[in-house]
Amino acid sequence: MSDPNAKYQSPLTSRYASAEMAANFSNNKRFGTWRRLWLRLAQAEQRLGIPGISDEALAQMEANLDNIDYDVAAAEEKRRRHDVMAHVHAFGLAAPQAAGIIHLGATSCFVTDNADLIIFRDAMDLLIEKLVVVVDSLAAFAREQRAQPTLGFTHFQPAQLTTVGKRACLWVQELLWDLRNMQRARDDLGFRGVKGTTGTQASFLALFEGQHDKVEELDALVAQLSGFAGKSYPVCGQTYSRKVDVDFVAALASFGATAHRIATDIRLLANLKELEEPFEKDQIGSSAMAYKRNPMRSERICSLARHLMVLVGDVLQTASVQWLERSLDDSANRRISIPEACLTADIVLATLQNVVEGLVVYPQVIARRIRSELPFMATENFIMAMVRKGGDRQECHEQIRVLSHEAAAVVKQQGGDNDLIERVRRCAYFAPIRDDLDALLDPATFIGRAPEQVDRFLRDFVEPALAPYARVIARKKPAELSV
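Model, not experiment: these values are computed from the prediction.

(A) Quick peek at the overall build of the protein. For the protein, the count of helices and strands is 20 helices and four strands. Expected size for 483 residues packed as a compact globule is a radius of gyration near 23 Å; at 31 Å, the protein overshoots this value by more than 25%. Of all 483 residues assigned to the protein, the portion counted as buried reaches 49%. When contacts within the protein are restricted to residue pairs at least 6 apart in sequence, long-range pairs at least 24 apart make up 78% of them. Roughly 24,000 Å² of accessible area belongs to the protein as shown, and the carbon and sulfur atoms make up 52% of that amount. Across the protein, the 58 positively charged side chains and the 62 negatively charged ones have centroids separated by 3 Å.

Set out below in structure tokens:
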């Protein structure tokens, strides 16, 4: 046996991807699906009266759906330079009574395209379930942190306060849109069906001796047997339109942008020491700097999300250059780009779940940063309080302006702490509100309706969106990362 470590292996499957997603794009799944399609075609043709398809032939086909001799198929493909005919040959050897009727009336894309659509549908089912779990877990975090004040940032510069939970809702909202997009892409997948070499069904019309209704019935029956009842594409060339691949991968690429944004926010907050992803007891952050706690999971999300986002370029270009009824320059690219999109999304989702479910918030660090910035933000409150006590708004504004600039100079030029509040306390002009300063500086009075917004968002938007997936949520498990 050859040493697997002696040749390149994709880290998507060897290092990161879940077993179930890797299995979904395995040779066993792909070629096993081909055989199931050949069986369904033969069953439908027999049911509709095509002669020469015996019950024994169908029984042999069914008994050998997963009994694939890859050595035989590989040898035949090397000889014929045609993967589909190689597997027709291998299936015929395993089911000799069916050898003469396998692939009857069909073209290669009957198995390649229809199998791809089945595999893509199954992949999206896996991804949707994982996304639902991420949304549910992040929504729980938002609920828990609904009223925890934190400094907001615009341009990554200090801005008005928000709450940790409200910020998490920004992430959840984008994930809900991704859930919508992915569910729509999954539900929009159709079936190429039984269309023949250029989509005209000419071979099947000949097989049924000119009976158009039989051809339509065959197309519908094979789609139904394959789990696509009523969803066979009405027209196609030799392949189904590669525009379908664009819609499919675009939903995943869009999720990649969301994941990158969330992970980047977590990395920024980790630098501020306000929030951290999980860090295991024996984890090493740096081989040289033993004290470091690097946000490596969030960095991995960003790294893989970039790969996921650019893969939509492959399917866009492929769709744009499909000449007339089809050209074969789509095949090699699609074998790489679409499986990689699904595998990468799977890895990003598992990692994101792991991060979200282990987030650690440091309220004291947050409070310290708020204390350093809040005095400047509170100056408008000071002015309003003074006016209520009979002060002149313009005079108060000037007093605050002078004290603020003095405090800013201490911070920027001397490297000291923001002492604006002490300056206000010492200033005789502000004596009327001196006893009110602590109340005026309470962070909870600066967060507006953030907690109420969290409550309404979770109640009116998140819970209804997740309701159809209650069974998925009920059986959710922690995400296990191998590395």
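On we go from here.
(B) A look at the nonpolar core. One finds W38, M61, L252, F255 and F382 to be the most contacted residues of the largest nonpolar core, which totals 140 residues. A per-element tally of this core places helix 7 (residues 108-144) first, with 20 residues. Setting aside its immediate chain neighbours within four residues, L252 contacts M124, L127, M182, L308, A341, C342 and A345.

(C) Region of interest: the side chain of T258. As for its position among the elements, T258 is in helix 11 (residues 243-271). Residue classification places T258 among the buried residues on the basis of a relative accessible area of 5%. Reaching out from T258, the side chain makes a polar contact with the side chain of D178 at a distance of 2.7 Å. Apart from the residues within four sequence positions on either side, T258 is in contact with W171, E174, L175 and D178.

(D) Spatial organisation of the pattern of salt bridges. Here the structure, examined in full by the defined rule, presents 32 salt bridges. Here R121 ties to D122 by a salt bridge, and the two come within 3.4 Å at their closest N and O atoms. You can call R121 buried: its relative accessible area is 13%. Of the charged contacts, one joins D136 and K476 as a salt bridge, the two residues approaching to 2.7 Å between their closest N and O atoms. Taken together, the residues span a long stretch of sequence, with D136 in helix 7 and K476 in the segment after helix 20 (470-474) at a distance of 340 residues.

(E) Representation of the packing of aromatic side chains. This model, assessed by the stated rule, comprises ten aromatic pairs. Ring geometry for Y429 and F430: centres 5.1 Å apart, planes at 85°, overall edge-to-face. By the ring-pair criterion, three or more aromatic residues cluster together here, those being F31, W34, W38, Y70 and F91. Above the ring of Y240, the side-chain terminus of R242 is found at 4.7 Å from the ring centroid.

(F) Representation of the pairing of strand 1 (residues 149-154). Strand direction decides the pairing type here: strand 1 and strand 2 (residues 157-163), joined by five bridges, are antiparallel. When the bridges of strand 2 are listed, T154 appears paired with Q157. With antiparallel pairing between neighbouring strands as the criterion, strand 1 and strand 2 make up a hairpin whose turn holds two residues, including H155 at a positive phi of roughly 60°.

(G) Up close: unusual backbone geometry. A positive phi is found at R81, a non-glycine position, where the angle reads about 55°. With respect to the helices and strands, the residue R81 is situated in the loop between helix 5 (70-80) and helix 6 (83-94). With a phi close to 65°, Q201 is a non-glycine residue in the positive phi region. Tracing the sequence through the fold places Q201 in the loop between helix 8 (164-188) and helix 9 (202-207).

(H) Quick peek at the packing of helix 11 against helix 13 (residues 331-356). Following both chains from N to C, one finds helix 11 and helix 13 inclined at 35°, their axes separated by 10 Å at the closest point. Handedness of the crossing formed by helix 11 with helix 13: left-handed. Each of D245, F248, V249, L252, F255, A259, I262 and I266 in helix 11 lies in contact with helix 13, whose residues at this interface are R334, I338, A341, C342, A345, V348, L349, L352 and V355.

(I) View of the confidence of the model for the protein. Mean pLDDT over the protein: 92, with 97% of residues reaching 70 or higher. Within the protein, helix 8 carries the highest mean pLDDT (98), whereas helix 18 (residues 437-440) carries the lowest (87). For the stretch residues 286-292, pLDDT sits under 50, and the model shows four contacts to residues farther than four places along the chain or on other chains.

(J) Structural view of the environment of H260. Along the chain, H260 turns up in helix 11. The spatial distance from the C-alpha of H260 to the C-alpha of E299 is 8.9 Å, given a sequence separation of 39 residues.

(K) Fine view of a nonpolar patch on the surface. A contiguous nonpolar surface patch, about 400 Å² in accessible area, is contributed by V321, W323 and L324. Turning to its location among the elements, V321 is positioned in the loop between helix 12 (296-320) and helix 13. You can call V321 partly exposed: its relative accessible area is 34%.

(L) View of helix 10 (residues 212-225). The first and last C-alpha atoms of helix 10 sit 20 Å apart over 14 residues, in line with the 20 Å expected at 1.5 Å per residue. Those residues of helix 10 lying buried are V215, L218, D219, L221, V222 and A223. On its buried side, helix 10 packs onto helix 3 (27-47), helix 7 and helix 9.

(M) Structural context of the environment of F446. Looking at where F446 falls in the secondary structure, it is placed in the loop between helix 18 and helix 19 (450-466). C-alpha of F446 to C-alpha of T163: the two residues are 283 residues apart in sequence and 9.8 Å apart in space. Not counting residues up to four positions away in its chain, the partners in contact with F446 are Q160, L161, L374, M377, A378, N381, L440 and L441.

What counts and what doesn't
Residues numbered from 1 in each chain as written. Predicted model: local features only at pLDDT ≥ 70, side-chain atom pairs only at ≥ 80, totals over all residues. Heavy atoms only, no water. Helix = DSSP H or I, 4+ residues; strand = E, 2+ residues; numbered from the N terminus. Rg over C-alpha atoms; globule rule 2.2 N^0.38 Å. Buried < 20%, exposed > 50% of the residue type's maximum accessible area, 1.4 Å probe, protein only. Contact = heavy atoms within 4.5 Å. Areas by Shrake-Rupley, 256 points an atom, 1.4 Å probe, with all protein chains shown as cover. Lys, Arg positive; Asp, Glu negative; His and termini not counted. Charge placed at Lys NZ, Arg CZ, Asp CG, Glu CD. Core = buried A, V, L, I, M, F, W, Y, C linked by side-chain atoms within 4.5 Å. Polar contact = N/O pair within 3.5 Å; in protein donor to acceptor, adjacent residues only side chain to side chain. Salt bridge = Lys/Arg side-chain N within 4 Å of Asp/Glu carboxyl O. Phe/Tyr/Trp six-rings, centres within 6.5 Å; stacked < 30°, edge-to-face > 60°. Lys NZ or Arg CZ within 6 Å of the ring centre and 35° of its normal. Pairing = 2+ DSSP bridges. Axes fitted to C-alpha atoms, helices over the stretch in contact; angles between N-to-C directions. Left-handed = near helix turned anticlockwise from the far one by under 90°. pLDDT = per-residue confidence, 0-100. Patch = residues over 30% accessible without salt bridge, like charges linked within 9 Å, V, L, I, M, F, W, Y side chains within 5 Å. Expected span 1.5 Å × (residues − 1).

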